[in-house]
Every structure is written in structure tokens, then in C-alpha cells.
Amino acid sequence: MHPTRRSFIRSAALVGLAAGGLTRSRAAAPDPRVTKAELDRILGQPVLRTDFLNSPVRVESVDLLRNGKHYLLRTRSADGLEVITVPNPSRMAESFPVFLKNIRPVFLRQDARRLEDLLWDAYRHGSNYKLQGIALWSGVAAIEMALLELLARTARRPVADLFGGAIRRDIPVYYASSNRGNRPEEEIEHLRKLVAGSGVKALKFRVGGRMSRNADSLPGRTEALIPLVRKSFGDGFTLYADSNSSYDVPEAIRIGRLMEAHGYAFYEEPCPFDWHWETKEVADALNLPVAGGEQEFSLRNWQWMIEHRGVDIVQPDLHYGGGYVRATQVARMAAAAGMTVVPHMSGGGLGYLDVVHFASFTPNIGPFMEFKGNAELPVACETSSLRCEEGRVRCPNGPGFGVEIEPAFVKAARVVTLA
Ligand SMILES: [Mg+2]
């Protein structure tokens, strides 16, 4: 949060209140700390460093495999290297025909060092841009991660080196509850169990009813829970709450004020996720930082949100938004506006690990990353326990993403085809 902006907003709010409006005066001008021209300049800059790869890394084949509800990508280079990576499982289950028909052909027989150009080609190929959204970008993210792994393993370097190198390895995390509809005392019990023994000092829980037009999941639950979580965990805890698009502007502000009164550190997705203007109204009205963007896939929309300070903390999802390169572009634009990035963590697969890798090389990362360990996918790692220890997760630093999917699990997977 920026004091200059907030003091401006406070005076704007007073004007709004004096005029008798609950919806206060909005900051009409874009945030003066960054211009559209500067954001365009950032988007025009290359993200990946591949200068340590002297010869082409040609993509020979990409196979989509399935084992139960898990999906894997098996990617081979013309040099004979084979890598296994993990797409977002539920999104791949929904959209694999788009992946196989519309996305994969763009990357076959290409030099993986051209990955950034290929992302644009994938968007333009056929009429792929008409499919823009999770259906397109989660599939692009899947193949992007496969090519990142291929590049990094070819160079025998950690994937962070493609992004300029790791700047931290131990990543502080927060735990998030996915409950709604339970009684406040039950949720406190759940949160206590969640953090027990982890050393975690930051928590997120859900408020409102999820895309519910102001209705709570249980009458009065939100108003009771906000003070109760603070009281139960004390001032030493960093607390976040996520409304998952529950509120219109007046209700979002009312709930946000309650969070402010209890020292919360951010307020996620207060309004429906594509109500950018309304979310900005809420962010302008509150002193509490507003976070958002987990569903956002348009870099142009990101520019608007950053230029106009539509949110205070940006939350690109590494899968839904098209992968590490595009999330890095969002982070770099946010950095130019003095904003931090706390990526959204889509569950399943190795989503928890993707966030840890991203945090390892992103300078303007927030203080805690969301962490949901995944015990279901059999994965081994020599350089990290992949667990939360004393509130932190150690980022693997072996070649590529630094993990190996159990060979027997890969062997038992079947190739997914369109037929
Ligand atoms: Mg959320």
C-alpha cells in the first residue's frame, strides 16, 4: 500500500462522504507512478535468458498421459532428452481436446529457445484467441512448463536460471482454508488443525458466499469470523480473507472495514473477478490492500489494473494465466508500480511447487506464498523435502524443476488421444 495514494484516497473519501455518497469519489486519474507507455515497454522486453544454450533444443514430441485423475506431459527433444511435467489436472480434464488440437501443434518441431515467440504463435494459431480464457491458457501453461523443463534440463540448470536466477530458496508460506458454510467455531477448530506443527504464521480463510451477490454462506458467519480468527490466533499472525467474488461495492467496503479494524493484511477478490472498475472502487475506499487477478488471462487487462491501481496486490495464476513467462510479465509490470505479487495457487498436480519456484526468482514477491502440499502425486526430490518446515518451503534447486515423478507412475499412465 502506498501512503501517498492512500492519503489522496482518504481525502477523496471525505469529499465523497461530504457529498452524501456511500460510494466515494474514485481516483479518476491513473496511478501516477506508472504509465501505459512504461507498461508497454516492459511487455516488449524479453523475459527468458537462454544465452547459456548454444544450440537448438528441438521439440521432437509432446505426449499427454493420464494416470487416474492425474495428467502428465512427456516431452522429448531431438537430442533424445525426455522430461515429464505436470499440467493442472482438473483444467486438463476439461480442455484436453483444445490442448491436443489447437495448442500442441504450434510447439512441435520448434526450437524451445523460441518459447516466448511461440506463446504468441499459440495465441494466434487458427482462431485460438477466440478461446482465450482458462481453456486456452491453462493448456499453453502446460506446454510452456514442459519446454522450460526441457531447456533447463538440457542446460543442467535450475529453471530459475531461465528467469535470471534464484534470489531466495526458503519461501515463507501461508495456509488457506477452503471451507464455507461451517459455523465460525468449527472454522477456528479447522484452522488450528491446519497450522498445527507447521510453524506457519499466516492464514487465509473464506468470507461471503462465493459469487453470491452479497449472500453469506451462513447468515452472520463472516461478521463473526473476522474478529474471531484475530482473537484466536493473536496479533502475531498475518491474516488474509478471500470473498471469491461475493460482493457488490457497498457490501465489499462494509466487510473490508471490519477486516481493517482487525488488522488484516489483504482482502482477496472482494467483487466479481471481472468487475475491474468496482474492485478499484473498493481498493480506493479501503486502507486495507485489495488483492486479485487469479482468473485474469489478459495482459491488457493486467495493464489496466496496474496502471489504474485496480488492486493493490496482483495474483496471477501460473496455470490459468498461461504460465511462468506471462506471470513474470505481470510481476514486472507490477514492480514498476511499486506493487507486490502473490500468485494464486491452483490446486492439484504440482501447483504448490510452481508457486515456490516462481517466488524463488521474482524480486517483488509478497511475504507469504499459498501452500497446499500434495501427497497424491508420487514425486521425489533430492534438494527439498517439499514440505512446510518452520513455516517455509525450500525451493528445489536441481536441474529443471528439480523433482522426479515416480517412474512406475509414469509407466502406468496411458497416452491421451482425440479418438
Ligand atoms: Mg482466491
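Rules and cut-offs
- Residues numbered from 1 in each chain as written.
- Predicted model: local features only at pLDDT ≥ 70, side-chain atom pairs only at ≥ 80, totals over all residues.
- Pairing = 2+ DSSP bridges.
- Helix = DSSP H or I, 4+ residues; strand = E, 2+ residues; numbered from the N terminus.
- Contact = placed C-beta atoms within 7 Å.
- Axes fitted to C-alpha atoms, helices over the stretch in contact; angles between N-to-C directions.
- Domains from an automatic or database assignment.
- Buried ≥ 20, exposed ≤ 12 C-beta atoms within 10 Å, placed from the backbone.
- Expected span 1.5 Å × (residues − 1).
- Core = buried A, V, L, I, M, F, W, Y, C linked by C-beta atoms within 7 Å.
- Left-handed = near helix turned anticlockwise from the far one by under 90°.
- Nonpolar A, V, L, I, M, F, W, Y, C, P; charged D, E, K, R; others polar.

Novice: Which parts of the structure should I look at to understand the sheet that holds strand E15 (residues 414-415)?
Specialist: Hydrogen bonds along the backbone pair up the strands of a sheet, which may run parallel or antiparallel. Read from one edge to the other, the open sheet built from four strands follows the order E3-E2-E1-E15, with strand pairing classed as antiparallel. Each edge of the open sheet carries a strand with a single partner, namely strand E3 (82-85) and E15. Across the sheet, helix H3 (residues 89-107) is in contact with strand E1 (59-67) and strand E2 (70-77); its angle to E1 comes to roughly 165 degrees.

Novice: So what exactly am I meant to see when it comes to the domain arrangement of the protein chain here?
Specialist: Interfaces are often described in size by the accessible area the parts lose on coming together. For the protein chain, the domain assignment lists domain 1 (11-16 + 161-401) and domain 2 (59-156 + 408-415). Put simply, the middle of domain 1 and the middle of domain 2, counted by C-alpha atoms, are 27 Å apart. Across the contact, 21 residues belong to domain 1 and 27 residues belong to domain 2.

Novice: Please explain the environment of Ser385 as it appears in this structure.
Specialist: Looking at the secondary structure, you find Ser385 in the loop between strand E12 (379-380) and strand E13 (392-394). For Ser385, a count of 11 C-beta atoms within 10 Å puts it in the exposed group. Spatially, the C-alpha atom of Ser385 lies 8.6 Å from that of Pro396, the residues being eleven residues apart in sequence.

Novice: Is there a simple way to explain helix H5 (residues 134-155) in this structure?
Specialist: Along an α-helix, residues three or four positions apart point the same way, because every turn accommodates 3.6 residues. When the terminal C-alpha atoms of H5 are compared, their 31 Å separation across 22 residues agrees well with the 32 Å that a helix rising 1.5 Å per residue should span. Arg156 sits one or two positions beyond H5 and adopts a positive phi of about 55 degrees.

Novice: Hey, could you run me through the nonpolar core in this one?
Specialist: Counting 118 residues, the largest nonpolar core has Leu147 and Tyr174 as the members making the most contacts within it. Per-element accounting of this core gives the leading share, 14 residues, to H5. Of the residues that make up this core, three or more belong to each of domain 1 (11-16 + 161-401) and domain 2 (59-156 + 408-415). Excluding residues within four positions of it along the chain, Leu147 makes contact with Val59, Phe107, Ala112 and Leu115.

Novice: Help me understand the packing of helix H2 (residues 36-43) against helix H11 (residues 324-336) in this model?
Specialist: Between two packed helices, what matters for the description is the angle formed by their axes and the separation of those axes. It is at 9 Å that the axes of H2 and H11 come closest, and there the two elements cross at 145 degrees. The handedness of the crossing between H2 and H11 comes out as right-handed. Judged by residue contacts, Glu38, Leu39, Ile42 and Leu43 of H2 engage Gln329, Arg332, Met333 and Ala336 from H11. A breakdown of the residues in the contact of H2 with H11 according to their chemical character gives five nonpolar, one polar and two charged.

Novice: Could you clarify how one ought to interpret the pairing of E1 in this entry?
Specialist: Sheet faces and side chains relate simply in a regular strand, where the side chains alternate between the two faces. Pairing of E1 with E2 involves eight bridges; the strand directions are antiparallel. In the sheet register, Leu65 faces E2, and the bridge partner there is Leu72. Where E1 hands over to E2, the hairpin turn is made up of two residues, of which Gly68 adopts a positive phi near 65 degrees. For E1 and E15, the ladder comprises two bridges, and the chain directions are antiparallel. Considered in E15, the bridge of Leu65 is made with Val415.

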